[in-house]
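Okay, here's what each chain looks like letter by letter:
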Amino acid sequence: MFEYEIDRMNHAQLVREAASRRLSREAAASAVRESRRSDRRSAGQDTDRDAEGPADGDGPGRFVRAA
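Residues numbered from 1 in each chain as written. Predicted model: local features only at pLDDT ≥ 70, side-chain atom pairs only at ≥ 80, totals over all residues. Heavy atoms only, no water.

## Notes on the overall build of the protein
Tallying secondary structure elements over the protein gives one helix and two strands in all. Total accessible area computed for the protein in this model is approximately 6,300 Å², and 53% of it derives from carbon and sulfur atoms. (Helix = DSSP H or I, 4+ residues; strand = E, 2+ residues; numbered from the N terminus. Areas by Shrake-Rupley, 256 points an atom, 1.4 Å probe, with all protein chains shown as cover.)

Dropping the structure here:
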């Protein structure tokens, strides 16, 4: 019975280590996805603000799009 208990403890340790590695990989992947998502959001907002606006001196209702 002693060998069985040691085997169970080793198995439990291996399961904990595998779960820890999996969780750390998932957390890293999630951080990368969130970083990409926020980069896209901020990039889209910055370019939209500068891309269009009223043209100076061309009268009301005329807009110019930045090249």
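## Quick notes on the pattern of salt bridges
Side chains carrying opposite charge are able to pair once their charged atoms draw close together. For the coordinates displayed, the defined rule picks out two salt bridges. With its nearest N and O atoms 3.2 Å apart, the salt bridge here joins glutamate 26 to arginine 22. Of the two residues, glutamate 26 and arginine 22 both sit in helix α1 (residues 2–51), four residues apart, roughly one turn of that helix. Among the residues examined, glutamate 26 registers a relative accessible area of 42% and is labelled partly exposed. (Salt bridge = Lys/Arg side-chain N within 4 Å of Asp/Glu carboxyl O. Buried < 20%, exposed > 50% of the residue type's maximum accessible area, 1.4 Å probe, protein only.)

## Structural notes on the confidence of the model for the protein
Predicted confidence across the protein gives a mean pLDDT of 78, with 60% of residues reaching 70 or more. When the elements of the protein are averaged for pLDDT, strand β1 (residues 52–54) gives the smallest value, 56, and α1 the largest, 84. (pLDDT = per-residue confidence, 0-100.)

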